[in-house]
Amino acid sequence: MKRAALYVLAGPVGIVAYGLVRLWARSDGVYGPGLDWQAAHLVALAGLVCFVPGVLALSRLLPHSPWRTGVVAATLVGLAATIVQFGADIVEGLLAEDRAEMSRLGADFKDIPGVEVAFYDVVPQLFFLGLLVLAGMLAARRLLSWWSVPLLLAGIVLPVVTLDLLPIGGLFMALALAPTLPLVRQRGERTESPITVH
(Lines give C-alpha, C1' and ligand atoms only; values in the text may rest on other atoms or scores of the structure.)
Protein backbone atom coordinates (compact mmCIF):
# COMPACT_ATOMS: atom_id res chain seq x y z
CA MET A 1 0.00 0.00 0.00
CA LYS A 2 1.22 3.49 -0.79
CA ARG A 3 0.05 4.64 2.61
CA ALA A 4 2.44 2.18 4.30
CA ALA A 5 5.13 4.88 4.28
CA LEU A 6 2.72 7.13 6.15
CA TYR A 7 2.23 4.50 8.84
CA VAL A 8 5.99 4.14 9.32
CA LEU A 9 6.12 7.80 10.33
CA ALA A 10 2.71 7.99 12.02
CA GLY A 11 3.79 5.72 14.88
CA PRO A 12 6.73 7.90 16.03
CA VAL A 13 4.71 11.06 15.37
CA GLY A 14 2.07 9.66 17.72
CA ILE A 15 4.74 9.39 20.42
CA VAL A 16 5.78 13.00 19.78
CA ALA A 17 2.16 14.14 20.02
CA TYR A 18 1.59 12.12 23.20
CA GLY A 19 4.63 13.70 24.81
CA LEU A 20 3.57 17.23 23.83
CA VAL A 21 -0.02 16.79 25.04
CA ARG A 22 1.27 15.24 28.26
CA LEU A 23 3.62 18.20 28.88
CA TRP A 24 0.78 20.62 28.24
CA ALA A 25 -1.55 18.68 30.54
CA ARG A 26 1.01 18.66 33.35
CA SER A 27 1.70 22.38 33.07
CA ASP A 28 -1.04 23.22 35.59
CA GLY A 29 0.23 20.65 38.09
CA VAL A 30 -2.83 18.41 37.68
CA TYR A 31 -2.70 15.48 35.26
CA GLY A 32 -5.54 12.99 35.25
CA PRO A 33 -8.17 11.92 35.39
CA GLY A 34 -9.95 14.18 32.96
CA LEU A 35 -9.92 15.43 29.40
CA ASP A 36 -6.18 16.09 29.38
CA TRP A 37 -5.38 12.52 30.50
CA GLN A 38 -7.74 11.01 27.92
CA ALA A 39 -6.46 13.23 25.11
CA ALA A 40 -2.84 12.31 25.76
CA HIS A 41 -3.53 8.59 25.98
CA LEU A 42 -5.84 8.50 22.96
CA VAL A 43 -3.15 10.20 20.86
CA ALA A 44 -0.61 7.67 22.12
CA LEU A 45 -2.99 4.80 21.39
CA ALA A 46 -3.50 6.02 17.82
CA GLY A 47 0.27 6.15 17.32
CA LEU A 48 0.71 2.63 18.69
CA VAL A 49 -1.98 1.28 16.36
CA CYS A 50 -0.18 2.91 13.41
CA PHE A 51 2.98 1.05 14.40
CA VAL A 52 1.29 -2.26 13.44
CA PRO A 53 1.16 -1.62 9.65
CA GLY A 54 4.40 0.35 9.97
CA VAL A 55 6.30 -2.63 11.39
CA LEU A 56 4.80 -4.93 8.76
CA ALA A 57 5.79 -2.52 5.99
CA LEU A 58 9.38 -2.38 7.26
CA SER A 59 9.56 -6.17 7.54
CA ARG A 60 8.47 -6.60 3.91
CA LEU A 61 11.67 -4.87 2.83
CA LEU A 62 13.55 -7.94 4.10
CA PRO A 63 13.56 -11.40 2.49
CA HIS A 64 11.36 -14.11 3.99
CA SER A 65 13.14 -16.01 6.76
CA PRO A 66 12.30 -17.62 10.12
CA TRP A 67 14.43 -14.93 11.78
CA ARG A 68 12.39 -12.13 10.22
CA THR A 69 9.14 -13.86 11.18
CA GLY A 70 10.30 -14.30 14.77
CA VAL A 71 11.41 -10.68 15.14
CA VAL A 72 8.15 -9.35 13.68
CA ALA A 73 6.06 -11.66 15.86
CA ALA A 74 7.90 -10.60 19.02
CA THR A 75 7.58 -6.93 18.04
CA LEU A 76 3.84 -7.21 17.47
CA VAL A 77 3.29 -9.14 20.71
CA GLY A 78 5.11 -6.40 22.60
CA LEU A 79 3.11 -3.78 20.73
CA ALA A 80 -0.18 -5.52 21.60
CA ALA A 81 0.81 -5.57 25.28
CA THR A 82 1.63 -1.85 25.14
CA ILE A 83 -1.74 -1.12 23.52
CA VAL A 84 -3.48 -3.01 26.35
CA GLN A 85 -1.50 -0.95 28.88
CA PHE A 86 -2.67 2.34 27.37
CA GLY A 87 -6.20 1.00 27.00
CA ALA A 88 -6.22 0.20 30.72
CA ASP A 89 -4.99 3.72 31.50
CA ILE A 90 -7.86 5.17 29.47
CA VAL A 91 -10.47 2.99 31.21
CA GLU A 92 -9.06 3.80 34.65
CA GLY A 93 -9.18 7.50 33.78
CA LEU A 94 -12.83 7.18 32.78
CA LEU A 95 -13.84 5.31 35.95
CA ALA A 96 -11.90 7.35 38.50
CA GLU A 97 -13.08 10.58 40.06
CA ASP A 98 -9.65 11.72 41.19
CA ARG A 99 -5.97 10.86 40.93
CA ALA A 100 -5.99 8.72 44.07
CA GLU A 101 -8.82 6.55 42.79
CA MET A 102 -7.14 6.22 39.40
CA SER A 103 -3.97 5.02 41.12
CA ARG A 104 -5.99 2.53 43.14
CA LEU A 105 -7.71 1.17 40.02
CA GLY A 106 -4.32 0.84 38.34
CA ALA A 107 -2.93 -1.03 41.35
CA ASP A 108 -5.95 -3.34 41.38
CA PHE A 109 -5.38 -4.18 37.71
CA LYS A 110 -1.70 -4.86 38.28
CA ASP A 111 -2.56 -7.12 41.23
CA ILE A 112 -4.20 -9.58 38.83
CA PRO A 113 -1.72 -12.47 38.46
CA GLY A 114 0.43 -12.08 35.35
CA VAL A 115 -0.83 -8.61 34.42
CA GLU A 116 2.24 -6.68 35.55
CA VAL A 117 4.58 -8.98 33.64
CA ALA A 118 2.37 -9.23 30.55
CA PHE A 119 1.37 -5.58 30.15
CA TYR A 120 3.90 -3.49 32.04
CA ASP A 121 7.32 -4.82 33.03
CA VAL A 122 8.37 -7.46 30.49
CA VAL A 123 6.28 -8.13 27.39
CA PRO A 124 5.87 -4.48 26.22
CA GLN A 125 9.67 -4.21 26.04
CA LEU A 126 9.58 -6.73 23.18
CA PHE A 127 8.08 -4.01 21.00
CA PHE A 128 11.05 -1.67 21.43
CA LEU A 129 13.62 -4.48 21.32
CA GLY A 130 12.03 -5.97 18.20
CA LEU A 131 11.87 -2.59 16.47
CA LEU A 132 15.55 -2.06 17.22
CA VAL A 133 16.51 -5.52 15.90
CA LEU A 134 14.39 -4.94 12.79
CA ALA A 135 16.23 -1.66 12.18
CA GLY A 136 19.53 -3.48 12.62
CA MET A 137 18.51 -6.08 10.04
CA LEU A 138 17.57 -3.34 7.59
CA ALA A 139 20.84 -1.50 8.23
CA ALA A 140 22.83 -4.70 7.69
CA ARG A 141 21.32 -4.92 4.19
CA ARG A 142 21.95 -1.21 3.59
CA LEU A 143 18.22 -0.56 3.45
CA LEU A 144 18.58 1.81 6.38
CA SER A 145 21.34 4.26 7.21
CA TRP A 146 23.98 3.08 9.70
CA TRP A 147 23.20 5.99 12.03
CA SER A 148 19.54 5.03 12.22
CA VAL A 149 20.12 2.21 14.71
CA PRO A 150 21.89 4.31 17.42
CA LEU A 151 19.42 7.15 16.79
CA LEU A 152 16.50 4.75 17.24
CA LEU A 153 18.10 3.40 20.41
CA ALA A 154 18.42 6.95 21.75
CA GLY A 155 14.76 7.58 20.92
CA ILE A 156 13.77 4.49 22.90
CA VAL A 157 16.03 5.17 25.90
CA LEU A 158 15.38 8.90 26.39
CA PRO A 159 11.79 8.50 27.68
CA VAL A 160 13.05 5.86 30.12
CA VAL A 161 15.19 8.58 31.73
CA THR A 162 12.13 10.83 32.04
CA LEU A 163 8.78 10.84 30.26
CA ASP A 164 9.24 14.56 29.66
CA LEU A 165 11.65 13.55 26.87
CA LEU A 166 8.92 11.68 24.97
CA PRO A 167 8.67 14.33 22.21
CA ILE A 168 12.42 14.17 21.55
CA GLY A 169 12.37 10.37 21.72
CA GLY A 170 9.56 10.18 19.18
CA LEU A 171 11.34 12.66 16.91
CA PHE A 172 14.52 10.57 17.03
CA MET A 173 12.51 7.46 16.13
CA ALA A 174 10.91 9.24 13.18
CA LEU A 175 14.27 10.48 11.90
CA ALA A 176 15.79 7.02 12.33
CA LEU A 177 13.09 5.32 10.24
CA ALA A 178 12.69 8.10 7.65
CA PRO A 179 15.36 6.73 5.24
CA THR A 180 13.15 3.69 4.58
CA LEU A 181 10.23 5.78 3.31
CA PRO A 182 11.20 5.79 -0.41
CA LEU A 183 11.72 2.01 -0.33
CA VAL A 184 8.42 1.39 1.45
CA ARG A 185 6.63 3.67 -1.00
CA GLN A 186 8.22 1.98 -4.03
CA ARG A 187 7.29 -1.46 -2.75
CA GLY A 188 3.73 -0.32 -2.21
CA GLU A 189 3.54 1.05 -5.74
CA ARG A 190 4.82 -2.25 -7.16
CA THR A 191 2.28 -4.20 -5.12
CA GLU A 192 -0.60 -2.01 -6.23
CA SER A 193 0.38 -1.78 -9.91
CA PRO A 194 -2.02 -3.66 -12.20
CA ILE A 195 -0.86 -6.78 -14.01
CA THR A 196 -0.47 -6.11 -17.71
CA VAL A 197 -1.06 -8.97 -20.15
CA HIS A 198 0.90 -8.75 -23.40
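(A) Region of interest: the side chain of serine 59. Here serine 59 is to be found in helix α2 (residues 35-59). In this structure the side chain of serine 59 is engaged in a polar contact, spanning 2.7 Å, whose partner is the backbone oxygen of leucine 56. The contacts of serine 59, once residues within four sequence positions are left out, are Arg68, Val72 and Leu134.

(B) Structural context of the packing of aromatic side chains. Under the definition given, this model contains 6 aromatic pairs. Consider the rings of tyrosine 31 and tryptophan 37, whose centres lie 5.0 Å apart with planes at 50°: the pair is tilted. Take tyrosine 31 and tryptophan 37: they sit in the same class, and that class is buried. Taking 5.0 Å as the distance between ring centres and 70° as the angle between the ring planes, the aromatic pair formed by phenylalanine 51 and phenylalanine 127 counts as edge-to-face. On the criterion of sequence distance, the pair formed by phenylalanine 51 in helix α2 and phenylalanine 127 in helix α6 (residues 125-140) is long-range, its members being 76 residues apart. When sorted by exposure, phenylalanine 51 lands in the same class as phenylalanine 127, which is buried. An aromatic cluster is present here, built from Phe51, Phe127 and Phe128 joined pairwise through their rings. In this arrangement the basic side chain of lysine 110 is found over the ring face of tyrosine 120, its NZ or CZ atom lying 4.6 Å from the centre.

(C) Here's a closer look at α2. Between its first and last C-alpha atoms α2 spans 36 Å; for 25 residues at 1.5 Å apiece the expected length is 36 Å, and the two agree. The largest bend in α2 amounts to roughly 25° and is located at valine 52, with the proline proline 53 lying one to four residues further along.

(D) Layout of the packing of helix α1 (residues 4-26) against α2. Between α1 and α2, the shortest axis-to-axis distance is 7 Å and the interhelical angle comes to 160°. Between α1 and α2, the interaxial angle falls into the category roughly antiparallel. Considering how the two elements wind past one another, α1 and α2 form a crossing that is left-handed. The residue inventory of the contact of α1 with α2, partitioned by class, reads 20 nonpolar, 5 polar and 2 charged.

(E) Region of the structure containing the nonpolar core. Grouped together as the largest cluster of nonpolar side chains are 43 residues, with contacts concentrated most on Val8, Tyr18, Phe51, Leu58, Leu131, Leu152 and Val184. Those elements giving two or more residues to this core turn out to be α1, α2, α3 (66-95), α4 (99-110), α6, α7 (148-161), α8 (166-177) and α9 (181-192). Of the residues forming this core, the biggest block, 9 residues, is contributed by α2.

(F) Looking closely at a nonpolar patch on the surface. Together, Val77, Leu126 and Leu129 line one region of the surface with nonpolar side chains, adding up to about 240 Å² of accessible area. Topologically, valine 77 is positioned in helix α3. With relative accessibility at 46%, the residue valine 77 sits in the partly exposed group.

(G) View of the environment of alanine 39. Here alanine 39 lies in helix α2. Residue alanine 39 is classed as partly exposed on the basis of its relative accessible area, which comes to 27%. Taking the C-alpha atoms as reference points, alanine 39 and isoleucine 15, 24 residues apart in sequence, are found 13 Å from one another.

Reading the values: rules and limits
- Residues numbered from 1 in each chain as written.
- Predicted model: local features only at pLDDT ≥ 70, side-chain atom pairs only at ≥ 80, totals over all residues.
- Heavy atoms only, no water.
- Helix = DSSP H or I, 4+ residues; strand = E, 2+ residues; numbered from the N terminus.
- Polar contact = N/O pair within 3.5 Å; in protein donor to acceptor, adjacent residues only side chain to side chain.
- Contact = heavy atoms within 4.5 Å.
- Phe/Tyr/Trp six-rings, centres within 6.5 Å; stacked < 30°, edge-to-face > 60°.
- Buried < 20%, exposed > 50% of the residue type's maximum accessible area, 1.4 Å probe, protein only.
- Lys NZ or Arg CZ within 6 Å of the ring centre and 35° of its normal.
- Expected span 1.5 Å × (residues − 1).
- Bend = angle between axes of the 7 residues up to and from the residue.
- Axes fitted to C-alpha atoms, helices over the stretch in contact; angles between N-to-C directions.
- Parallel < 35°, antiparallel > 145°, perpendicular 65-115°, else oblique.
- Left-handed = near helix turned anticlockwise from the far one by under 90°.
- Nonpolar A, V, L, I, M, F, W, Y, C, P; charged D, E, K, R; others polar.
- Core = buried A, V, L, I, M, F, W, Y, C linked by side-chain atoms within 4.5 Å.
- Patch = residues over 30% accessible without salt bridge, like charges linked within 9 Å, V, L, I, M, F, W, Y side chains within 5 Å.
- Areas by Shrake-Rupley, 256 points an atom, 1.4 Å probe, with all protein chains shown as cover.
- Salt bridge = Lys/Arg side-chain N within 4 Å of Asp/Glu carboxyl O.

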